[in-house]
Amino acid sequence: MWSILLIGFFNSIMFPSIFTSGIAELGPLTGDGSGILNMAIVGGAIIPLAVGKIAVIINHAYYPTMTQGETSWGQGIHYALIFPAICYLYILFYAVSGSRPNSERYGAGARS
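Anyway, here's the lowdown on the structure attached to this text. (Residues numbered from 1 in each chain as written. Predicted model: local features only at pLDDT ≥ 70, side-chain atom pairs only at ≥ 80, totals over all residues. Heavy atoms only, no water.)

**A look at the packing of helix 1 (residues 2-23) against helix 2 (residues 30-39)**
Packing of helix 1 against helix 2 brings their axes to within 9 Å, and their N-to-C directions diverge by 150°. One element, helix 1, and the other, helix 2, form an angle in the roughly antiparallel class. Read as a crossing pair, helix 1 and helix 2 show a hand that is right-handed. Mapping the contact onto sequence places F15, F19, G22 and I23 in helix 1 and T30, G33, S34, L37 and N38 in helix 2. (Axes fitted to C-alpha atoms, helices over the stretch in contact; angles between N-to-C directions. Helix = DSSP H or I, 4+ residues; strand = E, 2+ residues; numbered from the N terminus. Parallel < 35°, antiparallel > 145°, perpendicular 65-115°, else oblique. Left-handed = near helix turned anticlockwise from the far one by under 90°. Contact = heavy atoms within 4.5 Å.)

**Things to note about the packing of aromatic side chains**
Scanning the model with the defined rule gives 3 aromatic pairs in all. A centroid spacing of 5.2 Å and a plane angle of 65° characterise the contact between F9 and F10, whose relative ring orientation is edge-to-face. Classification of F9 as partly exposed rests on a relative accessible area of 44%. Classification of F10 as partly exposed rests on a relative accessible area of 46%. (Phe/Tyr/Trp six-rings, centres within 6.5 Å; stacked < 30°, edge-to-face > 60°. Buried < 20%, exposed > 50% of the residue type's maximum accessible area, 1.4 Å probe, protein only.)

**A look at the environment of H60**
Here H60 is to be found in helix 3 (residues 43-62). Residue classification places H60 among the partly exposed positions, given a relative accessible area of 45%. A sequence separation of 15 residues divides H60 from Q75, and the C-alpha atoms of the two residues are 9.8 Å apart.

This is the structure in structure tokens:
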């Protein structure tokens, strides 16, 4: 339970860093880029819903006699959590290589 609560805490710490590095060097497109990043927050509401739906579908495959309203933490939730793990792998990719500045201004400064 605590690890799940801490995920939200660390996400709130990460967002300002991701936002700032995401709109850096956009020039006249800074407004559009910030709008897209703000709309990406909706993923924080859609992904948990999708995980729940995937878990229900998988649980129904494992337990076909389970009726509506019954709760089971069977195999469905285990497999459904692969989806947010993929999302966090993308965040890791962005942190490792996707956030590196690639403008000529940074490239020229590195050579000096």
